[in-house]
Amino acid sequence: MRLTPDQDERDLAAMCRSLLAAHRCDATHVEPALWHALAEAGVLGLGITEEFGGSGGTLTDLGIFCIEAGRALCPSAVHSTLHAGLAVDWIGGPDARAAWLPALTSGAARAATALWNPRDASMPGSSVRCAGDGAGRWRLSGVADFVADAAAADLIVLAAESDSGCCVFVVEPARTGITVAPLPMAGEHRACAVTFDDVLLDDDAPVLATSVGPEALRRVANAATALLSLDLVGVGEAVVQRTVDHIMMREQFGRPIASFQAAQHLVANMRIALSAARLAAQWAVHRVGQGHVGTRETAIARMHAAAVKQITLDAHQLHGGMGYVVDTDLHLFSERARVLSTWGGGADVAAKWLEDEMEWKGNGQSD
């Protein structure tokens, strides 16, 4: 993996930044114009092959967009649809990919995922049980908690446990027996409890896979976690730039507060932590994109990305009293950092992933 972007990657970043800057981003919902622009630019198909309507890019390309998404506070529903597309592409067979991916990559459908636990991405994401009758019909019962952006989703990619193992389905929330109830979240982050009350799936289309191993699910979860870590990097970059601009303009005792060592040291620490977070997350995305599960790399990326929350708090301190006025919009970045730094597992949870991974590797296993 290169430590510096090549020209194509710089061009992609510039395009994404320009696109997001041209449209008003609201962290709570997607404006139709923004969604259409993302679809037209091929962003919703980044990482998906052209055969199924994608742009033919890599997971690293998708990571470049995620940094710009964090910088612009792009709505989380965009991430949810991108994660669902990866799940369908990596877990489903050719027929399933042909059935679902064109709608996701073209923007015709929005999606959410209930594949991993939002508190710990190493654990199952729901308590939904499924039972098949051997004739292609399945019944789902149970609850998937804290499913991000489920209220606005046309499709939900769901993992459910059966007597024989884990199955993955693509279901429409509008089906009879499915209830989507919004849950209160910090920073107006949108998540729901999705209840399945003996839901009958009597056709083949919703079945993505009937026997999915834990490593396949973990790879998708790691990809989402690493990509969200890059979103946090974008949040941090935007906050640091705002902070530098402010302390260079703001004067105290007749000179800019940027001239004081205390402010300089704080900004230097912010930049050092941000650089480490960027490199760790980029390496995790690259590793997972190469076909590896990448748990060790994702754990390290998640631990470094948690520093962005502290970066936003330091930014509030350097802004002084005006940093706590909602008119500055600084609070939007700190709220996003607070939610995303723990979504799927915070630094403490990620440390346990690393411990388990190192113990597993110590027993002679390999990724």
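For the protein chain, an unreviewed UniProt entry supplies the name Acyl-CoA dehydrogenase and the organism Mycobacterium gordonae. The UniProt entry for the protein chain carries the following comment under Sequence similarities (unreviewed entry): "Belongs to the acyl-CoA dehydrogenase family."

A. Highlighting the overall build of the protein chain. Check the secondary structure of the protein chain and you find eleven helices and twelve strands. Relative to the 2.2 N^0.38 estimate, which gives 21 Å for 367 residues, the radius of gyration of the protein chain is 21 Å and therefore close to what a compact globule would have. Across its three principal directions, the C-alpha atoms of the protein chain cover 80 × 50 × 40 Å. In the protein chain, once contacts between residues fewer than 6 apart in sequence are set aside, the share between residues at least 24 apart is 72%.

B. Up close: the pattern of salt bridges. According to the stated counting rule, one finds twelve salt bridges in the structure shown. As a salt-bridge pair, D133 and R137 come within 2.7 Å of each other at their nearest N and O atoms. According to the relative accessible area criterion, R137 is partly exposed, its value standing at 43%. Among the ionic pairs, R287 bridges to E297, the shortest N-O distance being 3.5 Å. Residue R287 is found in helix α7 (residues 261-289), and its partner E297 is found in helix α8 (residues 295-305); the two are separated by ten residues along the sequence.

C. Helix α6 (residues 214-249), seen in detail. Between the first and last C-alpha of α6 there are 52 Å, a value that for 36 residues agrees with the 52 Å anticipated at 1.5 Å per step. Among the 36 residues of α6, 28 are classified as buried, and the element is accordingly described as predominantly covered.

D. Quick peek at the packing of aromatic side chains. Using the criterion set out here, one finds two aromatic pairs in the structure. Pairing F253 with F260 gives two aromatic rings, centres 6.5 Å apart and planes at 80 degrees, and the pair type is edge-to-face. Taking NZ or CZ as reference, R219 lies 3.8 Å from the ring centre of W90, over its face.

E. Examining helix α2 (residues 32-40) more closely. Burial in α2 covers these residues: L34, W35, A37, L38 and A39. The positive-phi residue at the C-terminal boundary of α2 is G42, with phi of around 85 degrees.

F. Structural detail: the environment of V244. Relative to the assigned elements, V244 resides in helix α6. For V244 and G134, which are 110 residues apart along the polypeptide, the C-alpha to C-alpha distance reads 63 Å. Those residues in contact with V244, other than ones at most four positions away along the chain, are V267 and R271.

G. Looking closely at the nonpolar core. L38, L59, F65 and V78 are the most contacted members of the largest nonpolar core, which has 67 residues in total. It is α6 that provides the largest number of residues to this core, a total of 13 residues. Residues from two domains meet in this core; each of domain 1 (7-110) and domain 3 (215-357) gives at least three. In contact with V78, other than residues within four places in its own chain, are V30, W35, L38, L44 and F65. In terms of nonpolar packing, the next biggest core, distinct from the first, is built from 32 residues, A96, L115, A209 and A350 among them.

H. The arrangement of a nonpolar patch on the surface in detail. A cluster of nonpolar side chains, namely M1, L3, L279 and W283, defines an oily patch on the protein surface of about 400 Å² accessible area. Structurally, M1 is set in the segment before α1 (7-21). Classification of M1 as partly exposed rests on a relative accessible area of 42%.

I. A look at the side chain of H316. Residue position: H316 is located in helix α9 (residues 307-319). Contacts of H316, omitting those with residues within four sequence positions, involve G323, Y324, L330, H331 and S334.

J. Seen up close, the UniProt feature "domain: Acyl-CoA dehydrogenase/oxidase C-terminal" (unreviewed entry) in the protein chain. Taken from the UniProt record, the annotation "domain: Acyl-CoA dehydrogenase/oxidase C-terminal" (unreviewed entry) applies to residues 228-350. With 73% helix and 3% strand, the stretch residues 228-350 has end C-alpha atoms that lie 14 Å from each other.

K. The arrangement of the domain arrangement of the protein chain in detail. As far as domains go, the protein chain holds domain 1 (7-110), domain 2 (112-212) and domain 3 (215-357). The centre of domain 1, based on its C-alpha atoms, is set 22 Å off from the matching centre of domain 3. Opposite the 18 residues of domain 1 that make contact, domain 3 presents 22 residues. Overall, the association of domain 1 and domain 3 removes approximately 1,700 Å² of surface from exposure, summing both partners, and the carbon and sulfur fraction of that is 74%. Considering only the side of domain 1, the residues that lose the most area to domain 3 are I67, L73 and W90, jointly responsible for 34% of the buried surface there. In this assembly, domain 1 and domain 3 are joined by one salt bridge. A salt bridge links R71 to E237, with the shortest nitrogen-to-oxygen separation between them at 2.4 Å. Summed over the shared surface of domain 1 and domain 3, the number is four residue pairs in polar contact (both at pLDDT 80 or more). Every element with two or more residues in the side of domain 1 that touches domain 3 is listed here: α3 (59-72) and α4 (76-91).

Criteria and thresholds
Residues numbered from 1 in each chain as written. Predicted model: local features only at pLDDT ≥ 70, side-chain atom pairs only at ≥ 80, totals over all residues. Heavy atoms only, no water. UniProt positions renumbered as here; feature names shortened; annotations may be inferred. Helix = DSSP H or I, 4+ residues; strand = E, 2+ residues; numbered from the N terminus. Rg over C-alpha atoms; globule rule 2.2 N^0.38 Å. Contact = heavy atoms within 4.5 Å. Salt bridge = Lys/Arg side-chain N within 4 Å of Asp/Glu carboxyl O. Buried < 20%, exposed > 50% of the residue type's maximum accessible area, 1.4 Å probe, protein only. Expected span 1.5 Å × (residues − 1). Phe/Tyr/Trp six-rings, centres within 6.5 Å; stacked < 30°, edge-to-face > 60°. Lys NZ or Arg CZ within 6 Å of the ring centre and 35° of its normal. Core = buried A, V, L, I, M, F, W, Y, C linked by side-chain atoms within 4.5 Å. Domains from an automatic or database assignment. Patch = residues over 30% accessible without salt bridge, like charges linked within 9 Å, V, L, I, M, F, W, Y side chains within 5 Å. Areas by Shrake-Rupley, 256 points an atom, 1.4 Å probe, with all protein chains shown as cover. Buried area = accessible area lost by both parts, 1.4 Å probe. Polar contact = N/O pair within 3.5 Å; in protein donor to acceptor, adjacent residues only side chain to side chain.

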